[in-house]
Amino acid sequence: MTDSKYFTTTKKGEIFELKAELNSDKKEKKKEAVKKVIASMTVGKDVSALFPDVVNCMQTDNLELKKLVYLYLMNYAKSQPDMAIMAVNTFVKDCEDPNPLIRALAVRTMGCIRVDKITEYLCEPLRKCLKDEDPYVRKTAAVCVAKLHDINAQLVEDQGFLDTLKDLISDSNPMVVANAVAALSEIAESHPSSNLLDLNPQSINKLLTALNECTEWGQIFILDCLANYMPKDDREAQSICERVTPRLSHANSAVVLSAVKVLMKFMEMLSKDLDYYGTLLKKLAPPLVTLLSAEPELQYVALRNINLIVQKRPEILKHEMKVFFVKYNDPIYVKLEKLDIMIRLASQANIAQVLAELKEYATEVDVDFVRKAVRAIGRCAIKVEQSAERCVSTLLDLIQTKVNYVVQEAIVVIKDIFRKYPNKYESVIATLCENLDSLDEPEARAAMIWIVGEYAERIDNADELLESFLEGFHDESTQVQLQLLTAIVKLFLKKPTETQELVQQVLSLATQDSDNPDLRDRGYIYWRLLSTDPVAAKEVVLAEKPLISEETDLIEPTLLDELICYIGTLASVYHKPPSAFVEGSRGVVHKSLPPRTGSSESAESPDAAPAGVQPSEQPAVIPTQGDLLGDLLNLDLGPPVSGPPIAASSVQMGAVDLLGGGLDSLLRSDVGGSPAMGGTGFAAPSTVVPANLGAPLGSGLGDLFDLTGGVGTLSGSYVAPKSVWLPAMKAKGLEISGTFSRQVGSISMDLLLTNKALQVMSDFAIQFNRNSFGLAPAAPLQVHTPLAPNQSVEISLPLNTVGSVMKMDPLNNLQVAVKNNIDVFYFSTLYPLHILFVEDGKMERQMFLATWKDIPNENEAQFQIKECPLNADAVSNKLQGSNIFTIAKRNVEGQDMLYQSLKLTNGIWVLAELRIQPGNPSFTDLELSLKCRAPEVSQHIYQAYETILKN
């Protein structure tokens, strides 16, 4: 008979009967009784009253009975901690049982009993099990350490279990190694600063050896651990990739995705010229394709991950378009995801196939899917210029079907096509106007109104059409009202005589009869513009619009790099970093890809050009200044705590050219990133860079980026001489001099402390106030021996940039408090900004071009560096030592032009153009143009340039 019978009885007085059975002498009866107790517990009855009786049954050599008792114990130990202590003795005995299964069972249960009182009794048994001769017991004990650490971290560290765990990484049994890695990773995640997994080439070698022999879950733990390792050079990265590649053919999709994550991460370090790089790209496609033959839920997870991979490296799957074609029985969530990837992979080579497929989809029955398919046709037109004609005719065919939602979606995307290719397809406007009455969705109505307003001079009855919308003005959504207001003002500026009444009507509706502040404000602005200066109104309202570019929904590059590090986890399905959805994100460490080391950045073919270049959102500088003195006085001068980095708020980018015509002439074609229109013509510009940048750049780009071979050799960042920051008079005899330096990616404050008092100084500590870039001490200020009178000591204090952020004035002001046994002293100093220039600040060339054009002109700042008699190569080498990278060099009318990029620790990019007059001894001034999303840093960047070049 099955165990289901235990769940059927619900007699009164049951507890009493069970008590008697549990104390029976017959083994079988005892076992039956424990099963009944577990069944009652499972259905939610309270059987905690039987705790002592069940615990008495632990003294048995029957494995099944032992498991049941342990199950009961785990459940009720929390509510009956005092009783649970009774069981400790049995655990200790079971940990020495001759049967390894019982030893492992005991140690596993001990780890699950989350009762503080008991934990200290469990240390000895756990220590024995960690060194047990049976690998099954050792692997169970390894996981138990992680559980114990969660209950009482201090105890685990004091007992030396972490060191034992580290030793288990060298264990002879691969499963023990995998569990040790899993436990250490788990502990390291909750203590990001602990550096527990101190990986080196030797330990990596052991992990790779174990990888081939352990179970699939063990392989996942090891691969995830490898993904957190930073190889020292491209040779090591390649050798790890070679040994991980066989995992791609594993049957478990989680193993495959973990392997893909490791390879995607380490590919960053491989040069694109290597034969191996090409081989690796080819090897990555088949396993990803295979994942799509799994059940729908797994397919969806695979597709979300593929979506990220395609944005980072479209070349991996560029020949695999067919596997993303939708099957009739795919669930809707899989269909929509496949559609997204199809558009990302669309290129000139496969566009015919894609369009034929999309046209099929537009006649399906699933409304959401059809809408997305119609939208996809429009996105293809914008992405692949050669296909635009065919896309427009396909959309017109769809409009002729007269299916309401198809017509509406088609109109929305045709509006975007007009924005991308002005004066090309306006002949279709007549067809669109015929469908005006059928539009009932705000987005479609707004799009149609925009088209009528924008092309009013080509539509004879434009005023009648707009008037028809005006009749129900107050019932329309805000989006439509705003669009209608603008369209009628455009119409008035184009045909002032016929539409005066119409414009007055809409202005009074928007300003006097409306409660919506956005609408009122826009109405008043138009009203004032029209009444004071119609010419200016014309220039504002009918201004030339920048072209829109495709791929408006790409993930921002720094976020994409972070998500690539989380392939195969929830973050890759949500497309959000863990800090966005892990509650109380304790221990969420921001991951990023290793810096690219490939020696030559070979230009790729247009269809392989990364569609992922999109400088959309960058972290900004800094909140504003509060009560600084108050902050400093409240400082707690204990050792610094390095917490998770504070996410800076994000700055939205605009879109304008900046190299002042120089770039346009270079490009000989307009490669402008531009605001993608939201549903109204006035949504905030979310700017992106066209992915087909590779195509139209023409020969001009060749000249621009004809880099001379030897630009840039590494010579270390410039360090200023020490200056006195705190004179002895102001600090009761303590004099502090110092400077800042950056070496191999780490920032330090180099201090000289001098005791000019008559007494000994000791107990030094240091704290920084909140500052613009989050600078904070990464370690305590260690003065190992007391400082005697007239003695000096030199200290290098490591800094990090994960402290609290607040905008200072000036931006590079740092307020410091130093404490010793005498008093607390305060001083402030200015740090040079070049200590914040990071090592991966070299921008891809096409990205540089697009970003330069994208940053508004008003963000450009011009400076002169006086009397700097260096040639271009010397300038380039000097600046590269401080992480200012030359991306391109060219000669224009005898002047050398250097195009450079640098990146600050908070993610802000700064682009520079430096003009040099070579071989002209009478003219040694350099001209510097800087462009940046946060213009307030430009002055300080210029000072950094001047400091580096003149020293």
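Residues numbered from 1 in each chain as written. Predicted model: local features only at pLDDT ≥ 70, side-chain atom pairs only at ≥ 80, totals over all residues. Heavy atoms only, no water.

- The name an unreviewed UniProt entry assigns to the chain is AP complex subunit beta, from the organism Alligator sinensis.
- For the record of the chain, the UniProt heading Subcellular location (unreviewed entry) holds the text "Endomembrane system".
- If you open the UniProt record of the chain and go to Sequence similarities (unreviewed entry), you find "Belongs to the adaptor complexes large subunit family." (UniProt positions renumbered as here; feature names shortened; annotations may be inferred.)

**Things to note about the sheet that holds strand β12 (residues 824–830)**
Then, in step 1: Spatially, three strands are ordered β8-β11-β12 in an open sheet, and the strand pairing comes out antiparallel. Both outer strands of the open sheet, β8 (765–768) and β12, are each paired with one neighbouring strand and no more. Mean inter-strand twist for the sheet, computed between neighbouring axes without regard to direction, equals 25°.
Then, in step 2: Where strand β11 (residues 813–819) meets β12, seven bridges bridge the pair, whose relative direction is antiparallel. Opposite Val816, over in β12, you have Phe827 as the bridge partner. (Pairing = 2+ DSSP bridges. Helix = DSSP H or I, 4+ residues; strand = E, 2+ residues; numbered from the N terminus. Axes fitted to C-alpha atoms, helices over the stretch in contact; angles between N-to-C directions.)

**Side note on the nonpolar core**
Then, in step 1: Tyr72 and Phe418 are the most contacted members of the largest nonpolar core, which has 214 residues in total.
Then, in step 2: Counting contributing residues per domain, this core is built from domain 1 (346–438) and domain 2 (441–532), each supplying no fewer than three.
Then, in step 3: Leu751, Leu775, Cys868 and Leu902 belong to the second largest nonpolar core, which has 63 residues in total. (Core = buried A, V, L, I, M, F, W, Y, C linked by side-chain atoms within 4.5 Å. Buried < 20%, exposed > 50% of the residue type's maximum accessible area, 1.4 Å probe, protein only. Domains from an automatic or database assignment.)

**Here's the deal with the side chain of Ser748**
Then, in step 1: Mapping Ser748 onto the fold places it in strand β7 (residues 746–755).
Then, in step 2: Residue class for Ser748 comes out buried when judged on its relative accessible area of 11%.
Then, in step 3: In this view, Ser748 contacts Thr739, Phe740, Ser741, Ser796, Leu797, Pro798 and Leu799; residues no more than four positions away in its chain are not counted. (Contact = heavy atoms within 4.5 Å.)

**Regarding the pairing of strand β6 (residues 734–743)**
Then, in step 1: Burial of β6 is extensive: nine of the 10 residues sit out of reach of the surface.
Then, in step 2: Bridge analysis of β6 against β7 gives 10 bridges, and the strand direction is antiparallel. The residue of β7 that forms the bridge with Ser737 is Leu752.
Then, in step 3: Taken together, β6 and the strand that follows it, β7, pair antiparallel across an intervening segment of two residues, in which Val744 is found at a positive phi of about 45°.

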